[in-house]
Amino acid sequence: GLKRTLLDRRLFLALSAFYYDYSDKQVQATIDIGGGVTEAIIQNAAASEAYGAELELRWTPSAALEITLGSSLLSTEITDWDSASPEEAAARIGNELPNAPEWTANAAVDYRVPVGPSLIGFANVNVSHTDGSFREVANNPDLAAEDVTLFGARIGMAPISERWSLYLWGRNLTDEDYRTYSRRPLGAMITDQYGLPRMLGLGASLRYGR
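Not measured: the values here are computed from a predicted model.

A word on the overall build of the protein chain
Here is step 1: Helix and strand content of the protein chain: one helix and eleven strands.
Here is step 2: Of the regular secondary structure in the protein chain, the N- to C-terminal order runs β-β-β-β-α-β-β-β-β-β-β-β.
Here is step 3: Whereas a compact globule of 210 residues would reach a radius of gyration of roughly 17 Å, the protein chain reaches 23 Å, over 25% beyond that.
Here is step 4: By principal-axis analysis of the C-alpha atoms, the protein chain measures approximately 75 × 40 × 35 Å.
Here is step 5: Per-residue burial for the protein chain yields a buried fraction of 29% across its 210 residues.
Here is step 6: Put simply, of all contacts in the protein chain between residues at least 6 apart along the chain, 57% involve residues at least 24 apart.
Here is step 7: Carbon and sulfur atoms make up 57% of the accessible area of the protein chain, which amounts to about 13,000 Å² in all.
Here is step 8: Both charge centroids of the protein chain, one from 18 positive and one from 27 negative side chains, sit 17 Å from each other.

What follows is the structure in structure tokens.
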């Protein structure tokens, strides 16, 4: 990996690459227990690997503004599978690991400005993207998570000491409808769990101590 500060310390850059070689990694699997009924269980992948790269960038062009960016690329593969069934092993080897999106990215903009002699106003806008990924080792596309991009924001006020703050916040501002978990318990029936819808709220914080 590499970490550097540039432009008179106004720009921070971090790059890293990684490779993992797993043995007996626990993974989510869906098995047929007969009668058209399936069950979600944990199995061990005899061998699997993952490699990728990550980027973090933080730019502070002024005392009032900070911009952050992050991204990661990931590739995974099951390279061996222990099973008494050659058909099961053949169906698993070469598949992606569950819950391993190929690309994720995030960005945020933070802005702070004085409001009168003793208060600070602040605002944050953020976005995150996650590629679709398989939820179990069979890589069933019917149970896979879709790509999702989420937007959030926060705006508020605090004293210069930042001992307390009041703010309005919003999450999933575009009200994206996205699955967080799927399984098929009975034949063709699919059970889905979804992420939280658009949420808006009022928050407060108080810091104790010095």
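Quick notes on unusual backbone geometry
Here is step 1: Positive phi, normally seen in glycine, also occurs at Asp8, with a value near 55 degrees.
Here is step 2: Here Asp8 shows up in the loop between strand E1 (2-6) and strand E2 (11-34).
Here is step 3: Judged by its relative accessible area of 74%, Asp8 falls in the exposed class.
Here is step 4: Positive phi, normally seen in glycine, also occurs at Glu162, with a value near 60 degrees.
Here is step 5: When you line up the elements, Glu162 lands in the loop between strand E7 (148-159) and strand E8 (164-171).

Thoughts on the packing of aromatic side chains
Each aromatic ring pair is described using two quantities: the centre-to-centre distance and the angle formed by the ring planes.
Here is step 1: For the structure shown, the criterion picks out two aromatic pairs.
Here is step 2: Seen in terms of ring centroids, Phe18 and Tyr20 are 5.5 Å apart; in terms of plane orientation they differ by 40 degrees. Their pairing is tilted.
Here is step 3: With relative accessibility at 43%, the residue Tyr20 sits in the partly exposed group.
Here is step 4: Considering the side-chain rings of Tyr20 and Tyr22, the 5.9 Å spacing of their centres and the 25 degrees angle between planes classify their relative orientation as stacked.
Here is step 5: For Tyr22, a relative accessible area of 26% gives the class partly exposed.
Here is step 6: One aromatic cluster is present, built from ring pairs that chain together Phe18, Tyr20 and Tyr22.
Here is step 7: Residue placement shows Lys25 over the ring face of Tyr22; its charged tip is 4.5 Å from the ring centre.
Here is step 8: One residue, Arg92, lies across the ring of Trp81, its end atom 5.4 Å from the ring centre.

Here's the deal with the pattern of salt bridges
Here is step 1: Across all of its chains, the model carries five salt bridges by this definition.
Here is step 2: Between Glu88 and Arg92 there is a salt bridge, and its shortest N-O distance comes to 3.7 Å. Note that Glu88 and Arg92 are positioned in helix H1 (residues 86-92) at a spacing of four residues, about one turn of the helix.
Here is step 3: Glu88 sits in the partly exposed class, given a relative accessible area of 22%.
Here is step 4: For Arg92, a relative accessible area of 8% puts it in the buried group.
Here is step 5: With its nearest N and O atoms 3.3 Å apart, the salt bridge here joins Arg179 to Glu146. Linking Arg179 in strand E9 (residues 179-186) with Glu146 in the loop between strand E6 (119-130) and E7, this pair joins segments that are 33 residues apart in sequence.

Some points on a nonpolar patch on the surface
Here is step 1: Together, Tyr111, Val113, Val115 and Met157 make up an exposed nonpolar region whose accessible area comes to about 300 Å².
Here is step 2: Considering every element that reaches the nonpolar patch, the biggest residue donor is strand E5 (residues 103-115), with three residues.
Here is step 3: Considering the arrangement of structural elements, one finds Tyr111 in strand E5.
Here is step 4: In this structure Tyr111 comes out as partly exposed when scored by relative accessible area, which is 42%.

Thoughts on the side chain of Asp131
Here is step 1: The topology assignment puts Asp131 in the loop between E6 and E7.
Here is step 2: Although Asp131 is buried, it makes no salt bridge; Arg135 carries the closest opposite charge, 12 Å away.
Here is step 3: Polar side-chain contacts of Asp131 include one of 3.0 Å to the side chain of His129.

Here is what the cut-offs are and how they apply
- Residues numbered from 1 in each chain as written.
- Predicted model: local features only at pLDDT ≥ 70, side-chain atom pairs only at ≥ 80, totals over all residues.
- Heavy atoms only, no water.
- Helix = DSSP H or I, 4+ residues; strand = E, 2+ residues; numbered from the N terminus.
- Rg over C-alpha atoms; globule rule 2.2 N^0.38 Å.
- Buried < 20%, exposed > 50% of the residue type's maximum accessible area, 1.4 Å probe, protein only.
- Contact = heavy atoms within 4.5 Å.
- Areas by Shrake-Rupley, 256 points an atom, 1.4 Å probe, with all protein chains shown as cover.
- Lys, Arg positive; Asp, Glu negative; His and termini not counted.
- Charge placed at Lys NZ, Arg CZ, Asp CG, Glu CD.
- Phe/Tyr/Trp six-rings, centres within 6.5 Å; stacked < 30°, edge-to-face > 60°.
- Lys NZ or Arg CZ within 6 Å of the ring centre and 35° of its normal.
- Salt bridge = Lys/Arg side-chain N within 4 Å of Asp/Glu carboxyl O.
- Patch = residues over 30% accessible without salt bridge, like charges linked within 9 Å, V, L, I, M, F, W, Y side chains within 5 Å.
- Polar contact = N/O pair within 3.5 Å; in protein donor to acceptor, adjacent residues only side chain to side chain.

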